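Report on the structure
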Amino acid sequence: MNPRATPLVGFGAGKVILLGEHSVVYGNPALAGPLSYGVTAQGVASKRCQLVLPSTLSRPQKALLTRAFQRAAGLVRTPGVKVSLESELPLSMGLGSSAALSVACCRVLLKAAGREDAPREVARLALEMEQEFHGTPSGVDHTTSAEQKLILYKRLPNQSSGRVRALKSPRPLKVLVVLVGERSPTKKTVAALRERQARWPGRYGRLFQQIGTLAQEGAKAVEAGDLEALGDAMNVNQGLLAALGLSSPPLEEMVYRLRAMGALGAKLTGAGGDGGAVIGLFLEPEPAVAKLLELGVRCFSSQLAGPRAL
Ligand code: PMV
């Protein structure tokens, strides 16, 4: 990399799962889309290949981040680039912050190595980082971030990659995202559900299948511009997530609140548990955002739109 060259920039979008979290781990489809917020990585020429670590992180967090970064860098022959990060996403709230960080870093690493940062290539590399962070994720987070499109995603058996179908929505899809407080790490919530599923596979398998069907129906509704049908699928999905033991009083309270404020559908998004994020599908979310912000509720709106230019 030429030291005088302009910095290399890579963006990784955060994501929301509209339908199908958890059941996607078991091979069922999920419907997910990119947020307009995410992580931006900037790379400048350097003798070494290194990631500048945010000072707010703990020592184990720094070690994990370095390990993940070097693992991806090794696959593109460790180019001489110093990468720094800027994040607009809250950590560990179900909005795909680690996937966004991985995608942003990998875009810069690919560019620094003189390679094209095509979505599939970015996803392949970002998976290496995600595996350090999460072990064996379904792959929906980093794939949505790398594709930066609304997608129907189906995991391939025992892999962290899957089949992707990009969806076109004839109508803008706007969500209101509320941050409802602390939650356990995804790994822990996924492992606890795995134990229940292993003990009662028939019962849990039926629920996962139902959720997968909702994701397929939701994808059809998106393509038909039928946002009422999409919202209804989200409401039913929330009921099934509660049946799986993934919801909690603070999440339920917010789900009902968003519905009362005019959401076409509302549900938890991501791993769920004691807290995390709740999404509401709105034709026009701004009045609800203003009202909630006035009451001190942490929230924002986003269109699940196409690529952000960078
Ligand atoms: O880490 P989160 O909260 O964004 O959740 C990821 C989605 C899960 O389906 C719960 C896990 C996975 O690997 O798909």
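Residues numbered from 1 in each chain as written. Predicted model: local features only at pLDDT ≥ 70, side-chain atom pairs only at ≥ 80, totals over all residues. Heavy atoms only, no water.

Our focus in this paragraph is the site of the ligand. As a structural note, the neighbourhood of the ligand is formed by 15 residues, with Lys15, Ser138, Arg183, Thr186 and Ala271 the closest of them. Here an oxygen atom of the ligand and a side-chain polar atom of Lys15 are 2.7 Å apart. Taking Ser138, its side chain carries an N or O atom lying 2.5 Å from an oxygen atom of the ligand. Here the ligand has 380 Å² of accessible area as a free molecule, and 93% of this is covered by the chains. Judged by the proximity of its atoms to the pocket grid, the ligand belongs to the largest pocket. (Near = heavy atom within 4 Å. Polar contact = N/O pair within 3.5 Å; in protein donor to acceptor, adjacent residues only side chain to side chain. Areas by Shrake-Rupley, 256 points an atom, 1.4 Å probe, with all protein chains shown as cover. 1 Å grid on protein atoms, 1.4 Å probe; cavity = no way out; pocket = protein on both sides within 12 Å on 5 of 7 lines; lining within 4 Å. Sits in = over half its atoms within 2 Å of the grid points.)

Further remarks concern the layout of surface pockets. For the largest pocket, the calculated volume is near 1,300 Å³. Forming the boundary of the largest pocket are 46 residues, of which Ser92, Ser97, Ser98, Phe133 and His134 lie nearest the centre. For the lining of the largest pocket, the secondary structure elements donating two or more residues are β1 (8-19), α1 (59-75), β4 (81-87), α2 (97-112), α3 (119-134), α4 (140-147) and α5 (186-199). Across the lining of the largest pocket, the residue classes break down as 21 nonpolar, 15 polar and 10 charged. If you count residues domain by domain, the lining of the largest pocket takes at least three from each of domain 1 (8-166) and domain 2 (174-303). (Points joined across faces, edges and corners; volume = space filled by probe spheres on them. Helix = DSSP H or I, 4+ residues; strand = E, 2+ residues; numbered from the N terminus. Nonpolar A, V, L, I, M, F, W, Y, C, P; charged D, E, K, R; others polar. Domains from an automatic or database assignment.)

Counting residues in hydrophobic clusters, the biggest one holds 86 residues, and the most contacted among them are Leu18, Leu31 and Leu230. No other element matches α2, which puts 10 residues into this core. In this structure, this core is formed jointly by two domains, domain 1 (8-166) and domain 2 (174-303), each of which donates at least three residues. In this structure, Ile17, Val25, Ala30 and Tyr153 belong to the second largest nonpolar core, which totals eight residues. (Core = buried A, V, L, I, M, F, W, Y, C linked by side-chain atoms within 4.5 Å. Buried < 20%, exposed > 50% of the residue type's maximum accessible area, 1.4 Å probe, protein only.)

Of the strand pairs in this sheet, strand β2 (residues 30-45) and β4 are connected by seven bridges, and their pairing is antiparallel. Directly across from Ala45, in β4, lies its bridge partner Val81. For strand β3 (residues 50-51) and β4, the ladder comprises two bridges, and the chain directions are parallel. When the sheet's bridge partners are listed, Gln50 is paired in β4 with Lys82. (Pairing = 2+ DSSP bridges.)

Time to look at the sheet that holds strand β8 (residues 265-269). In space, the four strands of this open sheet follow the order β8-β9-β7-β10, with antiparallel pairing throughout. Strands at the two margins of the open sheet, each flanked by one partner only, are β8 and β10 (299-303). Taken over all neighbouring pairs, the strand axes of this sheet differ in orientation by 25 degrees on average, direction set aside. Across six bridges, strand β7 (residues 174-179) lies against strand β9 (residues 277-282) in antiparallel orientation. Pairing of Leu179 across the sheet is with Ala277, part of β9. Helix α8 (residues 249-260) rests against β7, β8 and β9 of the sheet, and its axis sits at about 15 degrees to β9. Across the sheet, helix α9 (residues 286-294) lies against β7, β9 and β10, angled at about 165 degrees from β10, the strand it touches most. (Axes fitted to C-alpha atoms, helices over the stretch in contact; angles between N-to-C directions. Contact = heavy atoms within 4.5 Å.)

The subject of this paragraph is the packing of aromatic side chains. Counted by the stated rule, this structure contains two aromatic pairs. Aromatic side chains Tyr26 and Phe208 sit 4.3 Å apart centroid to centroid with 15 degrees between the ring planes, which places their arrangement in the stacked category. Of this pair, Tyr26 sits in the loop between β1 and β2 while Phe208 is found in helix α6 (residues 201-224), placing the two residues 182 residues apart along the sequence. You can call Phe208 buried: its relative accessible area is 2%. For the ring pair Tyr37 and Phe300, a centre distance of 5.1 Å and an interplane angle of 80 degrees mean the geometry is edge-to-face. A residue pair is termed long-range when its members are at least 10 positions apart, and Tyr37 in strand β2 and Phe300 in strand β10 qualify at 263 residues. We note Arg259 situated over the ring of Tyr256; from NZ or CZ to the ring centre the distance is 5.3 Å. (Phe/Tyr/Trp six-rings, centres within 6.5 Å; stacked < 30°, edge-to-face > 60°. Lys NZ or Arg CZ within 6 Å of the ring centre and 35° of its normal.)

Where α9 is concerned, the buried positions are Ala288, Val289 and Leu292. Axial view of α9: buried residues confined to an arc of 100 degrees, hence all on one face. For α9, the exposed residues lying more than 90 degrees away from the buried face are Pro287, Lys291 and Glu294. Where α9 is buried, its residues contact β7, α8, β9 and β10. Remark: Gly296 follows α9 within two positions and exhibits a positive phi of approximately 85 degrees. (Arc of directions from axis to C-beta.)

Once that is clear, we can look at the pairing of strand β5 (residues 151-155). For β5, a buried count of four out of five residues is recorded, marking the element as mostly surrounded by other parts of the structure. Two strands pair when backbone bridges link them, and β5 and strand β6 (residues 162-166) are joined in this way by five bridges, in the antiparallel orientation. From the neighbouring strand, Tyr153 faces β6, where its bridge partner is Val164. The antiparallel hairpin formed by β5 and β6 contains six residues in its connecting segment, where Asn158 sits at a positive phi of about 55 degrees.

Everything listed is a geometric property; what it means functionally is a separate question.
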